[in-house]
Amino acid sequence: MAPRYKVTLTEEERSELETITRHGKTTAPKFIHARALLLCAAGEHGPAWKVADIAEALGITPRTIEHLKQRFVEEGFESALVRKPSSRIPEVTFNGAEKVRLVMDNLNTHNLASLYEAFEPEEARRLARRLEIHHTPKHGSWLNIAEIELSALKIQCLDRRIPEIGKLRSEVAAWEADRNNRIAAVDWQFSTADARIKLERLYPKL
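First, a word on scope: everything that follows refers to the structure included in this document. Every value quoted in this text rests on a predicted model; they were computed, and no experiment measured them. (Residues numbered from 1 in each chain as written. Predicted model: local features only at pLDDT ≥ 70, side-chain atom pairs only at ≥ 80, totals over all residues. Heavy atoms only, no water.)

1. A short note on the pattern of salt bridges
Phase 1 of the analysis: Under the criterion given, the structure shown has eight salt bridges.
Phase 2 of the analysis: Here E56 and R169 are joined by a salt bridge, their closest N and O atoms 2.3 Å apart. Taken together, the positions of E56 in helix α3 (residues 51-58) and R169 in helix α9 (residues 165-181) put the pair 113 residues apart, joining distant regions of the chain.
Phase 3 of the analysis: Accessibility expressed as a relative area gives 48% for E56, which makes it partly exposed.
Phase 4 of the analysis: For R182, the salt bridge identified is with D178, shortest N-O distance 2.9 Å.
Phase 5 of the analysis: Residue classification places D178 among the partly exposed residues on the basis of a relative accessible area of 36%.
Phase 6 of the analysis: Through salt bridges with shared partners, one network takes in D159, R160, K167 and E171. (Salt bridge = Lys/Arg side-chain N within 4 Å of Asp/Glu carboxyl O. Helix = DSSP H or I, 4+ residues; strand = E, 2+ residues; numbered from the N terminus. Buried < 20%, exposed > 50% of the residue type's maximum accessible area, 1.4 Å probe, protein only.)

2. Quick word on unusual backbone geometry
Phase 1 of the analysis: The backbone phi angle of I183 is positive, close to 50°, even though this residue is not glycine.
Phase 2 of the analysis: Locating I183 in the fold gives a position in the loop between α9 and α10 (192-198).

3. Comments concerning the nonpolar core
Phase 1 of the analysis: Counting 24 residues, the largest nonpolar core has V7, L9, L17, L37, I54, I65 and F72 as the members making the most contacts within it.
Phase 2 of the analysis: Among the elements of the structure, α1 (11-23), α2 (28-40), α3, α4 (62-75), α5 (77-81) and α9 are those that each provide at least two residues to this core.
Phase 3 of the analysis: The greatest single-element share of this core, amounting to six residues, is contributed by α2.
Phase 4 of the analysis: Beyond its immediate chain neighbours, meaning those up to four positions away, V7 contacts L37, C40, A41, K69 and F72.
Phase 5 of the analysis: The next biggest cluster of nonpolar side chains, apart from the first, holds five residues, and it includes L115, A124, L127 and A128. (Core = buried A, V, L, I, M, F, W, Y, C linked by side-chain atoms within 4.5 Å. Contact = heavy atoms within 4.5 Å.)

4. A look at the side chain of T21
Phase 1 of the analysis: The residue T21 is located in helix α1 in this model.
Phase 2 of the analysis: At 3.2 Å, the side chain of T21 forms a polar contact with the backbone oxygen of E18.
Phase 3 of the analysis: Among all residues touching T21, those that are not within four sequence positions of it are F31, A34, R35, L38 and K154. (Polar contact = N/O pair within 3.5 Å; in protein donor to acceptor, adjacent residues only side chain to side chain.)

5. Digging into the environment of E98
Phase 1 of the analysis: Tracing the chain through its elements places E98 in the loop between α5 and β1 (100-104).
Phase 2 of the analysis: For E98, a relative accessible area of 69% puts it in the exposed group.
Phase 3 of the analysis: Linking E98 and R129, residues 31 residues apart in sequence, is a C-alpha distance of 9.2 Å.

This is how it looks when you write it as structure tokens:
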């Protein structure tokens, strides 16, 4: 059965999506939408992926993919890529909890002020009252290591379009096995002596 909504990209649209996914300097939703649209569209590198495979690869639901394809067909490229935020988020009880503890890193948009940029003041206040925000350490080395490893995966393994989910799994597994066999590690070059100079204000005065 032919898909109800078919994504067909122009060369200009494909180029824009590839730029977004290659450089990664954008919001997480926009990045995911760009990846999904590329995988939904057939091209010179291979046929379109199945919806279920795209959903599994990107960690989203098939329903989200179908809605994305529908917006692309009915509302156009820009609407699919950047969805206009709803004026109100449905109330969620979280098992009756009055407060929702939210753990975030220190990205400049990860604060309550961003709610007022995305929603009307009344809705922003409603959400802000329910959130209890906890930020991760600004200089957490564990987070740096994770980001370095993900960057290595992207550069060394995911620098091209992989036409199917099975091939993607095998490529990532092979890359992971090689990294583990070589016992790849992080080479920290920022010494304690360097830190005492560069971060002098953070050290106690003796």
